[in-house]
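Observations on chain architecture
The primary structure of each chain is shown beneath.
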Amino acid sequence: MSFWKHFEKLWMLLVYIVVFVGLFWTLDFDWKYLSVVAIPLLVLVIPSAIIHLNHYKYCKNKELHLLDNELRIVGEDFVHRIKIEDIAKITVYMSASRYIKVGSLQTFVFEDYYYCVVETKSQHHTILSCLFSDKLDDFLEELYIVPLVKERIFYPFIN
């Protein structure tokens, strides 16, 4: 997970923070206007930061390799392989705006986050976050002939 991958996902949050701090600054840091700045900041930034940290936890210090015959997750001290023939299904949990592929209609930054749960025939579950790739769901659908189920959820928090 590189710095640029974080920046790619968090750039809109940085814009929100700069706008709200700039607004607070133009109001001469008057504390009576703090709620005008703080409430939108809390509504827009905090949920997205929580989602980002939640997804980061699942892909920290890992690399995902999509090979012809297997999914390979490489960590600092392990390699986890999932053979394609062992996959029972892949469930992708995403927001409705991502589900219908209209990124311009997103209300919140966290709507661009999604995750995949790879379930094997032996009932083992592996979670793949969108922080591995923005097009992970498309890659999985194109590369592998396995049942792929898309589920719509509002808040893509990985449990």
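Cut-offs used in this document
- Residues numbered from 1 in each chain as written.
- Predicted model: local features only at pLDDT ≥ 70, side-chain atom pairs only at ≥ 80, totals over all residues.
- Heavy atoms only, no water.
- Helix = DSSP H or I, 4+ residues; strand = E, 2+ residues; numbered from the N terminus.
- Contact = heavy atoms within 4.5 Å.
- Areas by Shrake-Rupley, 256 points an atom, 1.4 Å probe, with all protein chains shown as cover.
- Salt bridge = Lys/Arg side-chain N within 4 Å of Asp/Glu carboxyl O.
- Buried < 20%, exposed > 50% of the residue type's maximum accessible area, 1.4 Å probe, protein only.
- Core = buried A, V, L, I, M, F, W, Y, C linked by side-chain atoms within 4.5 Å.
- Pairing = 2+ DSSP bridges.
- Axes fitted to C-alpha atoms, helices over the stretch in contact; angles between N-to-C directions.

Overview of the overall build of the protein
Counting secondary structure elements, the protein contains four helices and seven strands. In the protein, of all internal contacts separated by at least 6 residues, the share reaching a separation of at least 24 is 64%. As displayed, the protein offers around 9,600 Å² of accessible surface, 62% of which is attributable to carbon and sulfur atoms.

Looking at the pattern of salt bridges
Applying the stated criterion across every chain, the model contains four salt bridges. A salt bridge links E70 to R72; the nearest nitrogen and oxygen atoms lie 2.6 Å apart. Classification of R72 by relative accessible area gives partly exposed; the value is 24%. With a shortest N-O distance of 3.7 Å, K150 and E141 are connected by a salt bridge. Assessed through its relative accessible area of 24%, K150 is described here as partly exposed. Taking the relative accessible area as the measure of exposure, E141 reaches 43% and is therefore partly exposed. One salt-bridge network, held together by shared partners, links E70, R72, R81 and K83.

What to know about the nonpolar core
Residues L71, I87, I90, C116, L128 and L140 are the most contacted members of the largest nonpolar core, which totals 24 residues. Of all the secondary-structure elements, those providing two or more residues to this core are α2 (34–59), β2 (70–74), β4 (87–94), β5 (115–120) and α4 (136–143). Per-element tally for this core: the top contributor is β4, with four residues. If sequence neighbours within four positions are ignored, L128 has contacts with L64, L71, I73, Y115, C116, V118, L136 and L140.

Focus on the sheet that holds strand β1 (residues 63–66)
Spatially, three strands are ordered β1-β2-β3 in an open sheet, and the strand pairing comes out antiparallel. Looking along the sheet, the strands with just one partner apiece sit at the ends: β1 and β3 (79–83). Direction aside, neighbouring strands of the sheet carry axes that sit 15° apart on average. Relative to β2, β1 runs antiparallel, the two sharing four bridges. Bridge assignment links L66 to a residue of β2, and that residue is L71.

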